[in-house]
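Here are the chains, one letter per residue:
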Amino acid sequence: MSTTTLAVLVPVLPFLGAVAGLLLGRTAPGFVRPLAILPTLGAAVLAVFVAVRQGGGPAIETATELTPTGSVPIDLSLYLDGFAVLVAVLVGVVATCVQLYSTAYLRDDPRYPSYAALVSLFTSAMLLVVYSGDLMVLLVGWEVMGICSYFLVGHYWETEAARSASLKAFLVTKLGDVPFLIGLFALATDADSFQITKILGTVASGGLDHPTLIALLLLAGVAGKSAQFPLHTWLPDAMAGPTPVSALIHAATMVAAGIYFVARLLPVFEASRAALVVMAVMAAVTMIGSALAALAQDDIKRVLAYSTIGQLGYMTGALAVGDRAAAVFHLLSHGAFKALLFLGAGVIIHAAGTNSLAAMSRMDGQAKRIPDAFWTMTIALLALAAIPPFAGFFSKEAVLVAAEQTATGHSDTAPGAAGWLVLVAGVLTALLTAAYATRLWLMAFRGRGAAAPVHGKEPVAMTGVLWLLAVPTIGFGLAAGNLADWFGGRELTPTVATSVLGTGAALIGVVLTYGLWQRAAAKAATAAATARATTAPAPGTTPAGPAAPAPGTAPVPASVAAEESAESAALAAVSAAETPEVAEVTHEHPVVPAGPAPDPGRALLGPLHRHAAYGFHLDAVYDRLFVRPVRAAATLVRFLDREVVDTYVRGAGAAPRLLGALVRRAQTGNVQSYLSALLAGAVVLAIATAVLANVNAGS
């Protein structure tokens, strides 16, 4: 079987699995899980075969005309280069892990059949984007992913949070897709083709008439799909969906599609140095802003969501300095460890019965209770913090090396300003990333308080997937040197300067966060001891009234309790809906005692903490700038339609009705009245005729 035939089967298998799952979900539920896993697993295996056969050599291309258009043709084409085949392997492996994990995670969910079918369709759409050599066919996969994300994020549609999050994700990404579509048509018009190879040939010959405009239009769509500033606000709210969906969206599909699109068409963006500077600014703001926001989140999934936004910012920064090999390298390594982090977070949520890091920090023994999640998430967090020798270190260093070469003038692909922006923002974000990764680990696994009860091991389908993803998280960076051919011959090795900068910043973040956590934990313990001493009953008496603490809980001063209650309410308002996922847990959980939670993020951020917790109020800004004016305009249009336009319509109907009423009054049914009126009319006509005749005769 030829390589192109195998490549065609890669997106087709999950698509057929999705169709079969939707058709048989109700009539033959026993086939749902095999139809979810086997086609996706088959696609992953075939993707590996395609990658091996492609071998990092010249791109494999084939095309056939899909339909005549009379102008720019649309072709059904494949374009398999080293980047495409590696990204396809990532998509297949992560999607297979998600499907396996979901069989246990959503084992009691009545809507699992439709969920599994949508995940398969989601996977097929992303694989179509990866392998497609024609932009219009790529657009089909691009939009199918958008509608799949709408249904998957809104899986728990009974909750307001899930409904709002799915609608927000759909609308924000569509907001970016409008200029994206215009940019595609403008690009195809200049190149007289939608085929990627012909477009790149046109760019190389200087045939683009408006490179800056086209690049910026396309960048708007990429910002929406890949959650880059200022269209990133949908991604944290998308945590209202099931955790496996979050892993799929964040690691291998949807958000990765925008980065991959720019990497595939990077020469188009390089034709405009202004567009590269805009991309660098977007990447720098995204990296720093999302890292600060991650430090202030209480929901473990929202921490990881903001982390994804920041890591995508690294990839955008690599593209802004003209190095797509570094961008795709980080995309691949990030896909492995971020999928591991989200799936591990699902295990923690099931075990703890909450998404809240503050609540987890008041539980003791979490690490012993879920050892598989503890060890694998520790590995993934080390990779996220770019600690050597894990995969994240090598891929993040590749980005910093590319930025350093551009900043120092060793590469003239992009302006030096873009290089400095990405380099400075990247080093600062490395410190912040290590800080929030350390904070998450300490609060989730080093809690102090009531002992976490043991309910036995989590299902093997969940824990086994974690160890499978831990393999590339550990070894992919070390093996990257053997994949140089797939990365276009680019050597992705770190330099001494960037290694010292990046790793030094990360270690500072780790040490600083750990020290602040110890201080916060000591303060919390002191406050609890003081509270116990203050509220202790006199000898021979027992506490009574509302001030008495519940058995087994530490009493808390009123001021602290009030502060905790207010903060919990505020965090609940911005947190993704945890209730549906927690409701899936089959075992009981004790009530977590209230009390101050040792959170080093507060000390790190200081007065910024409150603003960072709400994503720097960007949603409120957009509400004032866009949502309210649009609603006001809609209210005005409704008023004009109902009170002005409808008035004319009603008036046009009222005049005939009035005339009809007058005529109806003359229709009495009395024959004598009719004869009298006829006679009177005849007399009037005769008199009028005589008068007119006399007047005419006299003149």
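Residues numbered from 1 in each chain as written. Predicted model: local features only at pLDDT ≥ 70, side-chain atom pairs only at ≥ 80, totals over all residues. Heavy atoms only, no water.

(A) Structural view of the packing of aromatic side chains. Under the defined criterion, the tally for this structure stands at 17 aromatic pairs. A centroid spacing of 5.7 Å and a plane angle of 65° characterise the contact between Phe329 and Phe487, whose relative ring orientation is edge-to-face. Taken as a pair, Phe329 in helix H15 (residues 324–352) and Phe487 in the loop between helix H21 (460–479) and helix H22 (496–535) lie far apart in primary sequence, 158 residues in all. Assigned by exposure class, Phe329 and Phe487 land together as buried. Taking the centre distance of 5.2 Å and the plane angle of 75° together, the rings of Phe374 and Phe445 count as edge-to-face. Taken together, the positions of Phe374 in helix H18 (residues 371–384) and Phe445 in helix H20 (residues 416–445) put the pair 71 residues apart, joining distant regions of the chain. With relative accessibility at 8%, the residue Phe374 sits in the buried group. Aromatic rings pair up to connect Phe83, Phe329, Phe476 and Phe487 into one cluster. (Phe/Tyr/Trp six-rings, centres within 6.5 Å; stacked < 30°, edge-to-face > 60°. Helix = DSSP H or I, 4+ residues; strand = E, 2+ residues; numbered from the N terminus. Buried < 20%, exposed > 50% of the residue type's maximum accessible area, 1.4 Å probe, protein only.)

(B) How the structure looks around the nonpolar core. Grouped together as the largest cluster of nonpolar side chains are 201 residues, with contacts concentrated most on Tyr131, Trp234, Phe261, Val268, Phe269 and Phe487. Among the elements that line this core, the one with the most residues is H15, at 19 residues. Discounting residues that sit within four places of it in the chain, Trp234 has contacts with Lys168, Ala169, Val172, Thr173, Gly224, Lys225, Ala227, Ile249, Met254 and Val255. (Core = buried A, V, L, I, M, F, W, Y, C linked by side-chain atoms within 4.5 Å. Contact = heavy atoms within 4.5 Å.)

(C) Main features of the packing of helix H1 (residues 3–24) against helix H4 (residues 112–131). Direction vectors running N to C along H1 and H4 enclose 160°, while the axes themselves pass 8 Å from each other. Between H1 and H4, the crossing angle belongs to the class labelled roughly antiparallel. H1 and H4 meet at a crossing whose hand is left-handed. When H1 is examined against H4, the residues Ala7, Val10, Pro11, Pro14, Phe15, Ala18, Gly21 and Leu22 are found in contact with a partner set consisting of Ser114, Ala117, Ser120, Leu121, Thr123, Ser124, Leu127, Leu128 and Tyr131. Per-class residue counts for the contact of H1 with H4 are twelve nonpolar, five polar and no charged. (Axes fitted to C-alpha atoms, helices over the stretch in contact; angles between N-to-C directions. Parallel < 35°, antiparallel > 145°, perpendicular 65-115°, else oblique. Left-handed = near helix turned anticlockwise from the far one by under 90°. Nonpolar A, V, L, I, M, F, W, Y, C, P; charged D, E, K, R; others polar.)

(D) Seen up close, helix H3 (residues 82–105). Taking 1.5 Å per residue as the helical rise, H3 with its 24 residues ought to reach 34 Å, and the 34 Å between its terminal C-alpha atoms agrees with that figure. The element H3 is extensively covered by neighbouring structure, given that 22 of its 24 residues are classed as buried. (Expected span 1.5 Å × (residues − 1).)

(E) Expanded view of the pattern of salt bridges. All chains considered together, the criterion is met by nine salt bridges. Between Lys168 and Asp237 there is a salt bridge, and its shortest N-O distance comes to 2.7 Å. Of this pair, Lys168 sits in helix H6 (residues 160–191) while Asp237 sits in helix H9 (residues 234–237), placing them 69 residues apart in sequence. When the shortest N-O distance is used, the salt bridge between Asp599 and Arg439 registers 2.7 Å. One end of the pair, Asp599, is in the loop between helix H24 (579–583) and helix H25 (600–605); the other, Arg439, is in helix H20, and 160 residues separate them in sequence. Summarising the burial analysis for this pair, Asp599 and Arg439 share the class buried. When salt bridges with common partners are traced through the structure, they connect Lys168, Asp237, Arg302 and Asp619 into a single cluster. (Salt bridge = Lys/Arg side-chain N within 4 Å of Asp/Glu carboxyl O.)

(F) A look at the pairing of strand E1 (residues 60–67). Across seven bridges, E1 lies against strand E2 (residues 74–80) in antiparallel orientation. Each bridged residue has a counterpart across the sheet, and for Glu65 the counterpart in E2 is Asp75. The antiparallel pairing of E1 with E2 creates a hairpin that spans six residues between the two strands, and Gly70 there sits at a positive phi of about 85°. (Pairing = 2+ DSSP bridges.)

(G) Spotlight on the side chain of Gln99. By the element assignment, Gln99 lies in helix H3. Judged by relative accessible area, which is 0%, Gln99 ranks as buried. Not counting chain neighbours up to four residues away, the residues in contact with Gln99 comprise Ala36, Ile37, Thr40, Tyr112, Ala116, Val119 and Ser120.

(H) Geometry of unusual backbone geometry. Of the consecutive residues Phe229 and Pro230, the connecting peptide bond is found in the cis state with omega at 5°. In this structure, Pro230 sits in the loop between helix H8 (211–225) and H9. Of note, the phi angle at Phe616 is positive, near 55°, even though the residue is not glycine. Looking at the element boundaries, Phe616 is found in the loop between helix H26 (608–613) and helix H27 (618–666).

(I) Molecular detail of the confidence of the model for the protein chain. Residues with a pLDDT of 70 or more make up 90% of the protein chain, whose mean pLDDT is 87. Under a pLDDT of 50 for its full length, residues 541–579 has, in the predicted model, 40 contacts with residues more than four places off or in other chains. Taken together, the stretch residues 584–591 has pLDDT below 50 and engages in 21 contacts with residues farther than four places along the chain or on a different chain. (pLDDT = per-residue confidence, 0-100.)

(J) Region of the structure containing the packing of helix H14 (residues 300–320) against H20. Running from N to C, H14 and H20 cross one another at 160°; their axes reach a closest spacing of 10 Å. Judged on the interaxial angle alone, H20 and H14 are roughly antiparallel. Relative to H20, the crossing made by H14 is left-handed. Residues Ile300, Val303, Leu304, Ser307, Gln311, Tyr314, Gly317 and Ala320 of H14 pack against Ala418, Val422, Gly426, Thr429, Ala430, Thr433, Tyr436, Arg439 and Leu440 of H20. Here the contact of H14 with H20 is composed, by residue class, of ten nonpolar, six polar and one charged.

(K) Quick look at the environment of Gly504. By the element assignment, Gly504 lies in helix H22. Between the alpha carbons of Gly504 and Val427 there is a distance of 9.2 Å; along the sequence they are 77 residues apart.

(L) The arrangement of the environment of Arg163 in detail. For Arg163, the position within the fold is in helix H6. For Arg163, a relative accessible area of 36% gives the class partly exposed. The sequence separation of Arg163 and Ala238 amounts to 75 residues, and the corresponding C-alpha distance is 9.9 Å. Dropping the residues within four chain positions of it, Arg163 is found in contact with Trp157 and Glu158.

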